[in-house]
Each structure stands twice: as structure tokens, then as C-alpha cells.
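Single-letter residue listing:
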Amino acid sequence: MFWMVALLALDGRQYVYRVYAPRAALPADLFWAAFHCHDESGGPRASDRFDSAQIWWIGDEPAELTVHQY
């Protein structure tokens, strides 16, 4: 499916970007894709610190809920 990448900006907000990439994509590649997208948007400067970004997968992983059929 896709990745979500949250970047902190100088205005104190957090900007979240959807990045379409394979499940095996490297976190650094996901970060830079979102960072460059933010730069093109004209928003306030985003932090270029990799460790301040939050990256998570949205996809077809098994749900953590157990379903019982009766």
C-alpha cells in the first residue's frame, strides 16, 4: 500500500505525507521523498533531522484483532 511520513516544521506543526513505495523501502529514502515534497509545497521549513521524522506503513498486514465466527 503506502507509507506515512510525519515531519516537524519550524512553525511547530507536524506535516504528514503519503509516500508510495514498496514495503522494503529504506527509511532514509522515504524521509527524503517526504522532505522534498514538503519543500515544493511552499510550507514553513521542515526539520531535516531524520531522527525527528515518524514513519509508518499503512497496508495489508494482518490485523491484530482476533475474529471469531460462531
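We now turn to the structure provided with this report. Note that the structure is a prediction, hence the values are computed from the model and not measured.

## Concerning the packing of aromatic side chains
Applying the stated rule across the entire model yields six aromatic pairs. With centroids separated by 5.1 Å and ring planes inclined at 65°, the aromatic side chains of Trp-3 and Trp-57 adopt a geometry described as edge-to-face. In this pair, Trp-3 sits in strand 1 (residues 2-8) while Trp-57 sits in strand 3 (residues 54-58), placing the two residues 54 residues apart along the sequence. Judged by its relative accessible area of 15%, Trp-57 falls in the buried class.

## Let's talk about the pairing of strand 1
Where burial is concerned, most of strand 1 is hidden: six out of the seven residues are buried. Note: strand 1 against strand 3, five bridges, orientation antiparallel. By the bridge assignment for strand 3, Phe-2 is matched with Ile-58. Note that strand 1 and strand 2 (residues 14-19) share six bridges and pair antiparallel. Residue pairing across strands places Val-5 opposite Tyr-17, the latter belonging to strand 2. In textbook terms, the turn of a hairpin is the stretch between consecutive antiparallel strands, and for strand 1 and strand 2 this stretch comprises five residues, one of which, Gly-12, has a positive phi near 90°.

## Brief notes about the pattern of salt bridges
Evaluation of the coordinates by the stated rule reveals three salt bridges. The salt bridge partner of Arg-13 is Asp-11, with a shortest N-O separation of 4.0 Å. Classification of Arg-13 as exposed rests on a relative accessible area of 55%. Across the pair Arg-45 and Asp-48 runs a salt bridge, and its minimum N-O distance is 3.8 Å. For Arg-45, a relative accessible area of 43% corresponds to the partly exposed category.

## Brief notes about the sheet that holds strand 2
Taken in spatial order, the three strands make up an open sheet running 2-1-3, and their pairing is antiparallel. A single partner strand is all that each edge strand has here, and the edge strands are strand 2 and strand 3. Taking each pair of neighbouring strands and ignoring which way they run, the sheet shows an average axis angle of 20°.

Cut-offs used in this document
- Residues numbered from 1 in each chain as written.
- Predicted model: local features only at pLDDT ≥ 70, side-chain atom pairs only at ≥ 80, totals over all residues.
- Heavy atoms only, no water.
- Phe/Tyr/Trp six-rings, centres within 6.5 Å; stacked < 30°, edge-to-face > 60°.
- Helix = DSSP H or I, 4+ residues; strand = E, 2+ residues; numbered from the N terminus.
- Buried < 20%, exposed > 50% of the residue type's maximum accessible area, 1.4 Å probe, protein only.
- Pairing = 2+ DSSP bridges.
- Salt bridge = Lys/Arg side-chain N within 4 Å of Asp/Glu carboxyl O.
- Axes fitted to C-alpha atoms, helices over the stretch in contact; angles between N-to-C directions.

Interpretation in functional terms is not warranted from these geometric data alone.
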